[in-house]
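Residues per chain are reported as follows:
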Amino acid sequence: LAGSRADVNPDEVASVIWKYFTELGSNAKDSVGQLQQTEISKQLNTLLQSNLQSVSAYAEDLQERLVPFATELQARLARDSQRLKEQIQRELQQLQAKLAPHAGLVHEEIGTNIRQLQAKMSPYAEELRSQVDRGAGELRRALELYAAELRDSLQDNAQSVQASLSPYADRLQQQIDGGVESLKQRLSPVADELQAQAEQTVAELRRGLSPYAQELQDGLERQLQSLSLQMERAAEELRSRLAATSEELRAQLSPLARELREAASGDTESLRQRLGPLARQLEQRVGQTLEAFRQQAAPFGETFGQQLVQRLEEMRGKLDSGAAGLEDHLELLEKEVRDKVAAFLSTVPPPQN
């Protein structure tokens, strides 16, 4: 029970509340009143039940506190949203005017950061590609050994093959699951390091630009926060893509084990007819599936680096023009939501034993 609070992810709760807020904002004013607390209540209830199944009383208490908090936060954000938008635009225009006399130096400073970022990202992107190749290769070799074992077993009596086929299919599934999990563990540290390099770039940019923005540090910091949020989101997207691609690999390989189980349930003659082609196809299908995974996942590091460079280019353009986009406003508004949700959850008392 004492650890149950850790099961409530503030980011997941914030995502529900942010979705609620943006849905309200996208509806016509006359229907806003109809969007009710029931929908957010239902979404939060689903989230809490899935994470706090063993402490339902705590989930219920948290739900009762969260719904009023979410609706009050939405009302406050609706009031403050336009003010924040105007503040961002005003600060950016003041920042652009302050930086104008140093435009060449500022431009070069960001250019230097872009070149440094590209240099930093390159070895980690290559490491991600290498880990994808290595992990996929190891899994492929392991599964090909199983395919060879199946081919050899077909030389035996069909009845003995039928008796051993279901455990063989279970071992194949275990090999697939273990290989996918091992692959995830390989890739996660590289994704973390890529994000760390992105965060370091923001810190270096802060140090490089601060001398040119005297008396306007708040405005500069807000722009850097926006840049940092964009980079965090890109890193989250990288992790999500790696995880989703790994799970997709599992989903594509698992039918091989299922087909073996189905073959084992047939009679001796159908077993002979099915196992021959299946054994021949197993190695080929494993190879094709893992090669497709490798081709898809290997460039993710380079794509991440390109996204970050694009964000730096966009920031340079904003500082040159003094024009803020809608993204700045929404990103900082969402950050405010996430910060307030995290602060709120930290104040909710833990469940009692």
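Each chain carries its own residue numbering, running from 1 in the written order of its sequence. Only residues with pLDDT of 70 or above have their local features reported here, since the model is predicted, and side-chain atom pairs are shown and tallied only from 80 upward, although totals for entire chains, interfaces and linings are computed over all residues. To obtain the side-chain values, all non-hydrogen atoms of the structure were used and water was disregarded.

A. Local environment of the overall build of the protein chain. Helix and strand counts for the protein chain stand at 10 helices and 0 strands. Helix and strand assignments follow DSSP, with helices taken as H or I runs no shorter than four residues and strands as E runs no shorter than two, numbered in order from the N terminus. Along its sequence from the N terminus, the protein chain presents helices and strands in the succession α-α-α-α-α-α-α-α-α-α. Burial classes follow relative accessibility: with a 1.4 Å probe on protein chains only, a residue under 20% of its type's maximum area counts as buried, one over 50% as exposed, and anything between as partly exposed. Taken over 353 residues, the protein chain has a buried fraction of 44%. By definition in these notes, contact holds between two residues if any of their heavy atoms fall within 4.5 Å. Sequence separation of 24 or more characterises 88% of the internal contacts of the protein chain that already satisfy a separation of 6 or more. As presented, the protein chain carries roughly 17,700 Å² of accessible surface, and 48% of it is formed by carbon and sulfur atoms. Accessible areas in this description were obtained via Shrake-Rupley with a 1.4 Å probe; residue shielding takes into account the shown protein chains only.

B. Broad picture of the UniProt feature "coiled-coil region" (unreviewed entry) in the protein chain. UniProt positions are given in the numbering used here, feature names are shortened, and annotations may be inferred rather than shown by experiment. Here the UniProt feature "coiled-coil region" (unreviewed entry) sits at residues 70-98 and 217-248. Secondary structure within residues 70-98 divides into 100% helix and 0% strand; the distance between the first and last C-alpha atoms comes to 39 Å. With 100% helix and 0% strand, residues 217-248 has its two end C-alpha atoms placed 46 Å apart.

C. Representation of the packing of aromatic side chains. Planes of paired rings set the category: under 30 degrees apart is stacked, over 60 is edge-to-face and the rest tilted, where pairs are Phe, Tyr or Trp rings (Trp by its six-membered ring) whose centres lie within 6.5 Å. Scanning the entire structure with this criterion turns up 1 aromatic pair. With 4.2 Å between their ring centres and 15 degrees between their planes, F69 and F344 make a pair best called stacked. Here F344 lies in helix α10 (residues 326-347) and F69 lies in helix α4 (residues 56-99), a separation of 275 residues in the sequence. The same class applies to F69 as to F344, namely buried.

D. Representation of helix α9 (residues 300-321) in the model. By definition here, a helix of n residues has an expected span of 1.5 Å times n minus one. For α9, built from 22 residues, the straight-helix expectation of 32 Å at 1.5 Å per residue is met to within 8% by its first-to-last C-alpha distance of 32 Å. Turning to α9, its buried residues are F300, G301, F304, G305, Q307, L308, V309, L312, M315, R316, K318 and L319. Immediately beyond the C-terminal end of α9, within one or two residues, lies G322, with a positive phi of roughly 75 degrees.

E. The side chain of E91, seen in detail. Tracing the backbone shows E91 in helix α4. Any pair of nitrogen or oxygen atoms within 3.5 Å is treated as a polar contact; in protein, a donor-acceptor pairing is required on top of that, and neighbouring residues in sequence qualify only through side-chain atoms on both sides. Side-chain polar atoms of E91 contact the side chain of R222, separated by 2.6 Å.

F. Spotlight on the environment of Q96. Mapped onto the fold, Q96 is located in helix α4. Once the C-alpha coordinates of Q96 and G322 are considered, the two residues, 226 residues apart in sequence, prove to be 5.1 Å apart. Among residues more than four places away in sequence, those in contact with Q96 are L319, D320, S321 and G322. Polar contacts involving the side chain of Q96 include one to the main-chain carbonyl oxygen of D320, which spans 3.2 Å.

G. Just the pattern of salt bridges, in detail. Any Lys or Arg side-chain nitrogen found within 4 Å of a carboxyl oxygen on Asp or Glu counts as a salt bridge. According to the stated counting rule, one finds 20 salt bridges in the structure shown. Of the charged contacts, one joins E144 and R140 as a salt bridge, the two residues approaching to 2.9 Å between their closest N and O atoms. Of this pair, E144 and R140 both sit in helix α5 (residues 103-153), 4 residues apart, which is roughly one turn of the helix. In this structure, R233 and E334 form a salt bridge, with 3.0 Å as the shortest nitrogen-oxygen distance. Of the two residues, R233 is situated in helix α7 (residues 217-264) and E334 in helix α10; the sequence distance between them amounts to 101 residues. Members of the salt-bridge network, linked through shared partners, are D177, E181, K184, E247 and R250.

H. Representation of the side chain of R250 within the structure. Looking at where R250 falls in the secondary structure, it is placed in helix α7. Within polar-contact distance, the side chain of R250 engages the side chain of E181 at 2.5 Å. With residues up to four places along the chain from it excluded, the contact list for R250 reads I176, D177, V180, E181 and K184.

I. Spatial organisation of the confidence of the model for the protein chain. Looking at the protein chain as a whole, the pLDDT averages 79, with 80% of positions reaching at least 70. The secondary-structure element of the protein chain with the lowest mean pLDDT is helix α2 (residues 29-32), recorded at 43, while α9 shows the highest, at 89. On a scale of 0 to 100, pLDDT captures the predictor's confidence in every residue. Confidence drops under a pLDDT of 50 for residues 1-6, and excluding neighbours within four residues, the segment shows 15 contacts in the predicted structure. When the criterion is pLDDT under 50, residues 28-35 qualifies, and its contacts beyond four places in sequence or with other chains add up to 6 contacts.

J. Inspection of the environment of R83 at higher detail. Within the secondary structure, R83 is located in helix α4. The class for R83 is partly exposed, based on a relative accessible area of 40%. Counting along the chain gives 246 residues from R83 to H329, while the straight-line C-alpha distance between them is 10.0 Å.

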